[in-house]
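# Working through the structure, step by step
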Amino acid sequence: MTEAGKKAAEAAAYLKSLRPVCPDIGLILGSGLGSLAEQLVDEIKIPYEDIPHMPAATVAGHTGHLVLGQWCQKEVACFQGRFHYYEGHSMAEVTFPVRLLAALGSKKMFITNAAGGINPRFLPGDIMLITDHINFMGDNPLIGANDDRLGPRFPSLSTVYDPRLAGLLKETAAQKGITLREGVYIGVSGPSLETPAELRAFARWGADAVGMSTVPEVIAACHAGLKVLAMSVITNLAHGEFHHEVKHEQVLAVAGKTGSILASLLEGVCTRL
Ligand code: HPA
């Protein structure tokens, strides 16, 4: 087994000793979006530093806990705080939570992030269902020896965002009267924001939103056979002359305000499963 596989198995064994159940769903919550974890019941909250091999979360707005519990009558594992490539984490570290979910036996992953809106119709506070992505991070978490027990050498990404889960999300949004955007997410390494020329190029490539996460986790999830539902909260405009105004505090504030709507959407999907 590869190093990543061994580490994930050890972390999973530790978690199973605390709660010997398989999570139906893994949740990876993005910047300012961690509050959903507070809705779990019969929960245990484990600091990342207690979990073998778990990297330490460092970014403001990411608290760094894994919460295991029940949500909408489902068993869930909720990562409150994620690892960004721009922090200097390796791709193996960025995707460790996904490997851990797979080792725990989870079959679904819901993942959220904060993103800039490239599509000129998008406004801060909008929620976008990610229908596809462009990997512009300059790296890939599957580079290196492949462990065939974890997943295939050349996984197809042609339907990486699960159509059934996307359908359930759209159904929920319609029923709750929540406007849901849809589009393509382009993942960049950051931490510098995009130049105007980059944003124009990304728009021509068909990207609707840009952010510094999610793509590695989604690739690892696809490799491990997890079904993925992914959403962005548009925290700022990312086109024209507006982009120079982006501040991390603004990203966290908009994400924080939108967090409850996002939670309500995910709750709808969870109860429909
Ligand atoms: N660019 C990249 N990442 C982001 C942005 C952005 O405008 N907003 C939130 N995350």
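Here, residues in each chain are numbered from 1, in the same order as that chain's written sequence. Note on the predicted model: pLDDT of at least 70 is required for a residue's local features to be given, and 80 or more for side-chain atom pairs to be given and counted; whole-chain, interface and lining totals, by contrast, use all residues. The basis for every side-chain value is the complete set of heavy atoms in the structure, and neither hydrogens nor water enter the calculation.

A few words on the overall build of the protein chain. Along the protein chain, the regular secondary structure elements total seven helices and nine strands. When we talk radius of gyration, it's over C-alpha atoms, and the globule rule is simply 2.2 Å times the number of residues to the 0.38. For 273 residues, the compact-globule estimate of 2.2 N^0.38 gives 19 Å, and the protein chain sits close to it at 17 Å. Oriented by its inertia axes, the alpha-carbon framework of the protein chain measures out at about 50 × 40 × 35 Å. Burial here depends on accessible area, computed with a 1.4 Å probe over protein chains only, as a share of the maximum for the residue type. Under 20% is buried, over 50% is exposed, and the range in between is partly exposed. When each of the 273 residues of the protein chain is scored for burial, the buried share is 53%. The contact criterion used is simple: two residues touch if any of their non-hydrogen atoms lie within 4.5 Å. Considering only contacts within the protein chain whose residues lie at least 6 apart along the sequence, 82% involve residues at least 24 apart. Counting 23 positive and 27 negative side-chain charges, the protein chain places the averaged centre of each group 5 Å from the other. Helix numbering and strand numbering both begin at the N terminus, where a helix is a DSSP run of H or I of at least 4 residues and a strand a DSSP run of E of at least 2. Only four residue types enter the charge count, namely Lys and Arg as positive and Asp and Glu as negative; His and the chain termini do not. Charge placement uses NZ in Lys and CZ in Arg. For Asp and Glu, CG and CD serve respectively.

Cis geometry is adopted by the peptide bond preceding P191, which originates at G190 and carries an omega value of 0 degrees. By the secondary structure assignment, P191 is in the loop between β7 (181–188) and α5 (196–205). Positive phi values are uncommon outside glycine, yet Q73 reaches one of about 60 degrees. You can see Q73 is positioned in the loop between β3 (65–71) and β4 (74–80).

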